[in-house]
There are 4 protein chains.
Amino acid sequence: MGSLNARTIGIGMVGHAFMGTAHSLGWRNARSFFAPPLLPRLTALAGRDRTAATATAERFDWSEVVTDWRDLIARDDIGLIDICAPGDTHAEIAVAALAAGKHVLCEKPLANSVAEAEAMAAAAAAARENGVRSMVGFTYRRVPAVALARRLVREGRVGELRHVRARYLQDWLTDPAAPLTWRLRRERAGSGALGDIGAHAVDLAQYLTGEDVTGVAAVTGTFVRERPLPDGGTGTVTVDDTAAFLGRMTGGALATFEATRCATGRKNALRIELNGTLGSLAFDFEDMNVLQFHDATADASVRGFTRIQVTEPEHPYIAAWWPPGHGLGYEHAFAHQAADLLTAVATGDDPEPSFDDGLRVQRVLAAVEESAAAGSAWTGIPGAAARTGTPDTEGKP
Amino acid sequence: MGSLNARTIGIGMVGHAFMGTAHSLGWRNARSFFAPPLLPRLTALAGRDRTAATATAERFDWSEVVTDWRDLIARDDIGLIDICAPGDTHAEIAVAALAAGKHVLCEKPLANSVAEAEAMAAAAAAARENGVRSMVGFTYRRVPAVALARRLVREGRVGELRHVRARYLQDWLTDPAAPLTWRLRRERAGSGALGDIGAHAVDLAQYLTGEDVTGVAAVTGTFVRERPLPDGGTGTVTVDDTAAFLGRMTGGALATFEATRCATGRKNALRIELNGTLGSLAFDFEDMNVLQFHDATADASVRGFTRIQVTEPEHPYIAAWWPPGHGLGYEHAFAHQAADLLTAVATGDDPEPSFDDGLRVQRVLAAVEESAAAGSAWTGIPGAAARTGTPDTEGKP
Amino acid sequence: MGSLNARTIGIGMVGHAFMGTAHSLGWRNARSFFAPPLLPRLTALAGRDRTAATATAERFDWSEVVTDWRDLIARDDIGLIDICAPGDTHAEIAVAALAAGKHVLCEKPLANSVAEAEAMAAAAAAARENGVRSMVGFTYRRVPAVALARRLVREGRVGELRHVRARYLQDWLTDPAAPLTWRLRRERAGSGALGDIGAHAVDLAQYLTGEDVTGVAAVTGTFVRERPLPDGGTGTVTVDDTAAFLGRMTGGALATFEATRCATGRKNALRIELNGTLGSLAFDFEDMNVLQFHDATADASVRGFTRIQVTEPEHPYIAAWWPPGHGLGYEHAFAHQAADLLTAVATGDDPEPSFDDGLRVQRVLAAVEESAAAGSAWTGIPGAAARTGTPDTEGKP
Amino acid sequence: MGSLNARTIGIGMVGHAFMGTAHSLGWRNARSFFAPPLLPRLTALAGRDRTAATATAERFDWSEVVTDWRDLIARDDIGLIDICAPGDTHAEIAVAALAAGKHVLCEKPLANSVAEAEAMAAAAAAARENGVRSMVGFTYRRVPAVALARRLVREGRVGELRHVRARYLQDWLTDPAAPLTWRLRRERAGSGALGDIGAHAVDLAQYLTGEDVTGVAAVTGTFVRERPLPDGGTGTVTVDDTAAFLGRMTGGALATFEATRCATGRKNALRIELNGTLGSLAFDFEDMNVLQFHDATADASVRGFTRIQVTEPEHPYIAAWWPPGHGLGYEHAFAHQAADLLTAVATGDDPEPSFDDGLRVQRVLAAVEESAAAGSAWTGIPGAAARTGTPDTEGKP
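Residues numbered from 1 in each chain as written. Chains lettered and ligands numbered in written order. Predicted model: local features only at pLDDT ≥ 70, side-chain atom pairs only at ≥ 80, totals over all residues. Heavy atoms only, no water.

A.B. asks: Where do I start with the overall build of chain A in this structure?
C.D. replies: Scanning chain A from N- to C-terminus turns up ten helices and 18 strands. Here the C-alpha atoms of chain A give a radius of gyration of 21 Å, agreeing with the 21 Å that 2.2 N^0.38 yields for 397 residues. On the principal axes, the C-alpha backbone points of chain A span a range of 60 × 55 × 40 Å. Looking at chain A as a whole, 66% of its 397 residues are labelled buried. In chain A, 39 positive and 48 negative side-chain charges are present, and the distance between their average locations comes to 1 Å. (Helix = DSSP H or I, 4+ residues; strand = E, 2+ residues; numbered from the N terminus. Rg over C-alpha atoms; globule rule 2.2 N^0.38 Å. Buried < 20%, exposed > 50% of the residue type's maximum accessible area, 1.4 Å probe, protein only. Lys, Arg positive; Asp, Glu negative; His and termini not counted. Charge placed at Lys NZ, Arg CZ, Asp CG, Glu CD.)

A.B. asks: Help me understand the relation of the copies chain D and chain B, please; the structure alone is not making it clear to me.
C.D. replies: Mapping between the two chain copies consists of a rotation about an axis together with a translation along that axis. Aligned on chain B, chain D shows an RMSD of 0.0 Å; the corresponding rotation is 180 degrees and the shift along the axis is 0.0 Å. What the superposition gives is, in effect, a two-fold axis relating one chain to the other. If distances are taken from each C-alpha of chain D to the rotation axis, the shortest is found for Thr306 of chain D, at 1.9 Å. Take the interface residues of chain D: 100% of them recur as interface residues in chain B, which is what a same-surface contact looks like. (Least-squares fit on C-alpha atoms with pLDDT ≥ 70 in both. Contact = heavy atoms within 4.5 Å.)

A.B. asks: Help me out: how do you make sense of unusual backbone geometry in this one?
C.D. replies: What is expected of a backbone is that most residues other than glycine have negative phi and most peptide bonds are trans. Of note, the bond from Lys108 of chain C into Pro109 of chain C is cis; its omega dihedral lies within 30 degrees of zero at -10 degrees. Note on placement: Pro109 of chain C falls in the loop between strand S5 (103-106) and helix H5 (114-128). Positive phi is not limited to glycine here, since Ala35 of chain A has a value of about 45 degrees. Within the fold, Ala35 of chain A resides in the loop between helix H1 (18-34) and strand S2 (38-46).

A.B. asks: Quick question: what am I supposed to make of the interface of chain A and chain D here?
C.D. replies: The accessible area lost on association of the parts is a frequent measure of interface size. With 56 residues of chain A at the contact, the number on the chain D side is 58 residues. Across the interface of chain A and chain D, roughly 4,400 Å² is buried in total on both sides, 52% from carbon and sulfur atoms. Scanning the region where chain A abuts chain D turns up four salt bridges. A salt bridge links Arg165 of chain A to Glu258 of chain D, with the nearest nitrogen and oxygen atoms 2.8 Å apart. Here chain A and chain D share 16 residue pairs in polar contact (both at pLDDT 80 or more) between them. (Buried area = accessible area lost by both parts, 1.4 Å probe. Salt bridge = Lys/Arg side-chain N within 4 Å of Asp/Glu carboxyl O. Polar contact = N/O pair within 3.5 Å; in protein donor to acceptor, adjacent residues only side chain to side chain.)

A.B. asks: Could you clarify how one ought to interpret the domain arrangement of chain A in this entry?
C.D. replies: All names here are of chain A. When cut into domains, chain A gives domain 1 (7-139) and domain 2 (143-395). Domain 1 and domain 2 are separated by 23 Å when their C-alpha centres are compared. At the interface, 49 residues of domain 1 touch 47 residues of domain 2. Here domain 1 meets domain 2 over a buried area of about 4,100 Å², counting both sides, of which 71% is carbon and sulfur. Summed over the three residues of domain 1 that lose the most area to domain 2, namely Met135, Phe138 and Thr139, the buried surface amounts to 19% of that side. Remark: the boundary between domain 1 and domain 2 carries five salt bridges. (Domains from an automatic or database assignment.)

A.B. asks: Is there a simple way to explain the sheet that holds strand S2 (residues 38-46) of chain C in this structure?
C.D. replies: Hydrogen bonds between backbone groups are what pair the strands of a sheet, and the pairing can be parallel or antiparallel. All names here are of chain C. Reading across the sheet, the six strands line up as S3-S2-S1-S4-S5-S6 and stay open at both edges, with parallel pairing between neighbours. At either margin of the open sheet sits one strand with a lone partner, and together these are strand S3 (65-66) and strand S6 (134-136). Here S5 runs beside S6; their pairing, made up of three bridges, is parallel. When the sheet's bridge partners are listed, Cys106 is paired in S6 with Val136. Of the strands in this sheet, S5 and S6 touch helix H10 (residues 355-373), which is tilted by about 35 degrees from S6. (Pairing = 2+ DSSP bridges. Axes fitted to C-alpha atoms, helices over the stretch in contact; angles between N-to-C directions.)

A.B. asks: Explanation requested: the pairing of strand S11 (residues 242-249) of chain D in the structure shown.
C.D. replies: Regular strands show a simple pattern: their side chains alternate between the two faces of the sheet. Residue and element names in this part refer to chain D. Most of S11 sits out of view: eight of its eight residues are buried. Side chains of S11 alternate between two faces, with Thr242, Ala244, Leu246 and Arg248 and Ala243, Phe245, Gly247 and Met249 buried alike. Pairing geometry for strand S8 (residues 213-222) and S11, over eight bridges, is antiparallel. By the bridge assignment, Val219 is partnered in S11 with Ala244. Note: S11 against strand S12 (residues 254-260), seven bridges, orientation antiparallel.

A.B. asks: When you look at the interface of chain D and chain B in this model, what are you seeing that I'm missing?
C.D. replies: Every contact between the two is made by 18 residues of chain D and, on the other side, 18 residues of chain B. Of the roughly 1,200 Å² buried where chain D meets chain B, counting both sides, 54% is carbon and sulfur surface. The largest per-residue losses of area from chain D upon contact with chain B belong to Ser301, Val302 and Thr306 of chain D, which jointly make up 39% of the total buried on that side. Between chain D and chain B we count zero salt bridges in total. Viewed at the interface, chain B and chain D are joined by five residue pairs in polar contact (both at pLDDT 80 or more). When residues in the side of chain D that touches chain B are grouped by element, the largest group, five residues, is from strand S16 (residues 305-309) of chain D. Residues that form the side of chain D that touches chain B fall into these classes: seven nonpolar, five polar and six charged. Pairing analysis gives three bridges linking strand S16 (residues 305-309) of chain B to S16 of chain D, with the strands arranged antiparallel. Counted as the bridge partner of Thr306 of chain B is Thr306 of chain D from S16 of chain D. (Nonpolar A, V, L, I, M, F, W, Y, C, P; charged D, E, K, R; others polar.)

A.B. asks: Where do I start with the packing of aromatic side chains in this structure?
C.D. replies: For any pair of aromatic rings, the description rests on two quantities: the centre-to-centre distance and the angle between the ring planes. Under the definition given, this model contains 52 aromatic pairs over all chains. For the pair Phe33 of chain A and Trp322 of chain A, a centre-to-centre distance of 5.8 Å together with 70 degrees between the ring planes defines the contact as edge-to-face. On the criterion of sequence distance, the pair formed by Phe33 of chain A in helix H1 and Trp322 of chain A in the loop between strand S16 (305-309) and helix H9 (332-347) is long-range, its members being 289 residues apart. By relative accessible area, which is 8% here, Phe33 of chain A ends up buried. Since its relative accessible area comes to 7%, Trp322 of chain A is described here as buried. Measuring from centroid to centroid gives 4.9 Å for Tyr140 of chain B and Phe285 of chain B, while their planes differ by 75 degrees, and the two rings are edge-to-face. Of this pair, Tyr140 of chain B sits in the loop between strand S6 (134-136) and helix H6 (144-154) while Phe285 of chain B sits in the loop between strand S14 (279-284) and strand S15 (290-295), and the two are 145 residues apart along the sequence. Phe285 of chain B gets classed as buried once you look at its relative accessible area, which sits at 2%. Aromatic ring contacts, followed pair by pair, group Phe18, Phe60, Tyr140, Tyr168, Phe285, Tyr330 and Phe334 of chain A together with Phe33, Phe34, Tyr317, Trp321 and Trp322 of chain B into a single cluster. (Phe/Tyr/Trp six-rings, centres within 6.5 Å; stacked < 30°, edge-to-face > 60°.)

A.B. asks: How do you make sense of the sheet that holds strand S5 (residues 103-106) of chain B when you look at a structure like this?
C.D. replies: All names here are of chain B. Spatial ordering of the open sheet is given by S3-S2-S1-S4-S5-S6, a layout of six strands whose pairing is parallel. For this open sheet the edge positions go to strand S3 (64-66) and S6, each flanked by a neighbour on one side alone. Averaged over all neighbouring strand pairs, the angle between strand axes comes to 25 degrees, with direction disregarded. By the bridge criterion, four bridges tie strand S4 (residues 80-83) to S5 in an arrangement that is parallel. Paired with Ile81 across the strands is Val104, a residue of S5. The sheet strands contacting helix H4 (residues 90-99) are strand S1 (7-14), S4, S5 and S6, and the helix crosses S4 at an angle near 175 degrees. Against the sheet, helix H9 (residues 332-347) touches S1, strand S2 (38-46), S4, S5 and S6, its axis set at about 115 degrees to S2.

A.B. asks: Help me understand the pattern of salt bridges, please; the structure alone is not making it clear to me.
C.D. replies: All names here are of chain B. Summed over the entire model, instances satisfying the criterion amount to 116 salt bridges over all chains. Residue Asp212 is joined to Arg360 by a salt bridge in which the shortest nitrogen-to-oxygen separation is 2.3 Å. Of this pair, Asp212 sits in the loop between helix H8 (193-209) and strand S8 (213-222) while Arg360 sits in helix H10 (residues 355-373), placing them 148 residues apart in sequence. Overall, Asp212 belongs to the buried group, its relative accessible area being 13%.

A.B. asks: Honestly, the side chain of Glu273 of chain B in this entry has me stumped. Any pointers?
C.D. replies: Inspection of the secondary structure puts Glu273 of chain B in strand S13 (residues 269-276). With a relative accessible area of 7%, Glu273 of chain B lands in the buried category. In terms of polar contacts, Glu273 of chain B uses its side chain to reach the side chain of Arg266 of chain C, at 2.8 Å.

A.B. asks: Before we go on, may I ask you to explain the packing of helix H4 (residues 90-99) of chain A against helix H5 (residues 114-129) of chain A in this structure?
C.D. replies: Residue and element names in this part refer to chain A. With their axes 9 Å apart at the nearest point, H4 and H5 run at an angle of 15 degrees to one another. The angle between the axes of H4 and H5 places the two elements in the roughly parallel class. By crossing handedness, the relation of H4 to H5 is classed as left-handed. Contacts between H4 and H5 involve His90, Ala91, Ala94, Val95 and Leu98 from the former and Glu116, Ala119, Met120, Ala123, Ala124 and Ala127 from the latter. Here the residues of the contact of H4 with H5 are counted per class, giving nine nonpolar, one polar and one charged. (Parallel < 35°, antiparallel > 145°, perpendicular 65-115°, else oblique. Left-handed = near helix turned anticlockwise from the far one by under 90°.)

What follows is the structure, encoded as structure tokens:
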């Protein structure tokens, strides 16, 4: 059964593991809960490991499995390429897909290097001229509590920004026996905690504030260098497992960042706090249905952080789901992402976050590595909006 | 695409609104995430309002829509009837389905009266002889944090039970302008907050402790008697909007219960706390991925309530979903329910909660209304396990 | 050193243990932080155990120790009798002191029976004609967060009251090896958890709402009947260790109460929540510097419970203490109590809570015991304000 | 009244404002609650403003007021000088007092410069040879939850340290109308948020871990440069109002620090978290009676952060105060500090934190300012213990 007259678009997805599962569910639920103007067909899934790819395809009713992503791009019945493979593949696939006139959704980080990201952003800009859309998968932007935070910032409820405090804490590398996967090898993953989870912290900081990180001073580190290989023996970890950096936002606010996989007991603590002259906002993904808001303009005797349960119909995305107090989970943001992208493709609007947004994050990550390699020296972000803010900084040029 | 050799079962669902949506998603996700030995086919959905039913059917790929639930029971390609319609329909549908040899999943409360519930439990017992399974939809049992709590009780980590503190707080009737829906009419809903949400609190108390409520002293009330009708004019609310009662568990523990739709600011606060001689457990659905556990046998200087994020592979149901710290939402328990029921049907085990469990809850609800009508006089629960516990109670026969 | 011209009043305190310590500190800090118009002199402390009394006296600079409280009343240099002895002594001491024209501060519960409490209230009324003041020590009223809650209720920010949820949870009797002290003997303590801690929950409910409890349905119990005596052997516990009851407030709101010493892991959890048509308030003494306030009139997208840190100069009592965010502790409410009483004595105003307030609590406690002894039958509170509210209650006369 | 045979020591306190009040209360309560082997006599208080000093003296029974601190040192009946005056006075007073053989308690930060702090540490070392004791007032070490955290680290329950996350957030400078006090002038205060509150964060990090900060990369800033003077007109803020820095601990753990007076809604949020291979600890002064402990060695299914209410007799300092669940407040740590110092003087042990501890903090603060002035360049801490740890750091020498 289906709406006979609804327009549809064929999706070709590259990858079938963690992100492949989340995206599959996202496409499916976008259709069931958001009635986008363009309905997704799960046309084909590409995976080098046919057996594993087939398993995912069966779980989510992908019509076909291929082993070469190029086959997806070659097909006329596929209009959108969804890239869920490791970071070292993003640039090649995305550039080829865009050149072929396919809309592209690409997982984050956009690429493993600034050069790749620049090429991708250029390809996206060129394709845009032909009505082709592209989006990078900073999915956390579409957690309702985060989207609400952005709305409150836009409405001016934080005022002039003073501080950003962003961190992404996990603990799965605390154990020295955790195996050496592709995520711990530079040639596949680009970087470690920095690119995998730090990228989310940077994107959220830039998204929520509407400002750029203009410079950083950084330290990175790897606490455990040798780890067991999945097939026996040990191998060398070639990426960071922790990164911490100071930053300055366009408007002068002071930002602190931390990304680590060694924060024992913190499982998926993507946290961000904004402090401004009129209010503050705080979010923690481990309590993902909640946004904390401090309204500094409220009556002094009842001022405090309000624990907003972001499950009301007035909140972003919620009307499509359940009654108040019935929380959402991790996967729901993928449905929001899919629905928003399908709508953008249908309406011809530019979806966000764009490849340019992904490039901006990539430049911050590169500056972090550069600063860390240079004794934490302050390192400006090329192309970041010029600093215009008021703070008088001691010791910053 | 699908597993060619997998056994399947046709589902016929009655209802298409809130619960119909949740169950549709449950069946779909059970297949995608739990690979049950028996795969569900979404064969047909029954709804008196064909337009509305068709809309739900299209969202979730139900193959067909019918307007009379009897048509579902008559079909050979349907093996399981899923009842998501209001409580006044449960008994008739369930008894007919069971008599026809269909497995049944029935939303809670099991029925609108003890007599109906008894008839249903009898029908379930008779059908069981023929290998027919039945289950009542106390879905909250399958929230991973709740299932973990049950496991800890079974392991003896709470010790001898002293207190149960169960409440279900909502606030959507605080506003006198909230409309008069079928949920506020006794002839459709049976009771108000008591049967709709109080039933969950009672079931959780009995499930988590493994004991029965043996008697109650109760008060019920309706704060707003006249409400606007959806089509204009006003009508009379004929059910409670709040109920509070004291209870005694089989083992002697003292229990307190409250169900209300007037707890301003509490959206879906299904909360339960158990205190025992060795430990305590606390759960709040508004923070559904968390279980609080106090281990009274721990070293005195580090004792306290531990906030367990129930998102680890060691926790019930979690291995099928996401990595640690990536929380689940309201709907996931419906997938767990569907998967467990499909497994039970396939293996021939008795699923839980049974119609007998539903009947036990119904008897408590009836005793609550009886006590409230009798000046809160202590009212025993017929058939509840005889009290065997140690506490010396003052003023209780 | 001291203010030469300040008026002073001699205090005679009866008792020297837990409450004696807290009151001593209260008098001392009232002087240091609140500059009351009448300064307390710690003239004499009465204790039957001279050694123990002397120890307390030395710690807090009481000028003298006596072993008979009558000696305090006989002295001209003592103007205020502070009763910190067990409940069975309250009536005799207070009535004698009031008759002798001494102002009286009496620990709670006011007495061990309604009859005693009535006699005390009558004595207070008579003494009042002669300018003598009396106050009962429901100290929690003067925790700043509680006083702020009262202010918000008075300002109408809760609206029409629907629910009161009051409980006082402790766990020191969970252990069957906890010894049999005077608090577990009816002849000394009057009752157990009910009178010792339940009294606070009842007083807070009546104080915060400005309404009376008009009736109750109750259960009480004693989980451990035999306990070791401090000096060896075992003895029988003759009071409850747990009590739970339902109640109705004057305006019709439904109230639930619980007091227990068997709530494993809850150390001093005096909790109260009010739900009204315009807002809700929640307090937990284990987080005593915080008041939770839900403003139902706020913009829907930012509504939630606000965690007010009650440490601002705009909050009750706080300006006398520390800067924002520097929390107070348990003992501070005793300084507030002492300061307010000294001010009332100096100005001739009636201090609160009065002996009448204490009597109102006593009547609720008596009704609880009566209801518990009568199978939880609804038991009206004699003299409670007639019920005037709107709720239509099912099953309540 | 007093213990006839108790040994006493005369205290001479310099300062009478916020810290003068807290210390006065500390001396008084140390005597009442801890029965130290040496009892304090509040002999004399020195303040340039005799009226204000006299007011404080009267509140806390100081026997005498002088206007020149040298008069305190000259007296034979004073054995201990307690320095509560602004930072620019510390060195002169402390060195003179130590030279005169007086024990010294000096508020933090120890001094306004490393040079002064070195002189003070040298003076303390010389005086120590003569049995003279000195202590710096990092009072937060003696909050029971912090002392418990230290005990757990010592017991090895955190394991090998990976991360320190320390911040001290306030918001009283968010408002541009907040006046220009001495705390905002470099010549009096030395630095701003960095020295006043950041010093506490640094000390806690070093104290709890038992390690040194060995280097930093820093940014400081001042968001509001011109502020109203108390007497009219405006003046220039010459200190930072915010500072953030990265650091490395002796053992290789990565540390992040932040101190700010512009974190809207955060009132006194001194927070520290330690992550190690075996466990994590987290503390927030705004919830000061609580320590969060994650035991990574616990059974996987019940692992999480345990909210330890640090109010049990097994916890540091608590046995002297109230029953479980009856929290302490800000001032209690000053009583602990006084009691511990009096005990150390009596027993001849070296009290902690020492002037050397204060100097170590001072060196970190100086390195922060140096790094901030040098474009965040990594700046080693002279004399910090050589780095010995395992982490392989990218971009750190």
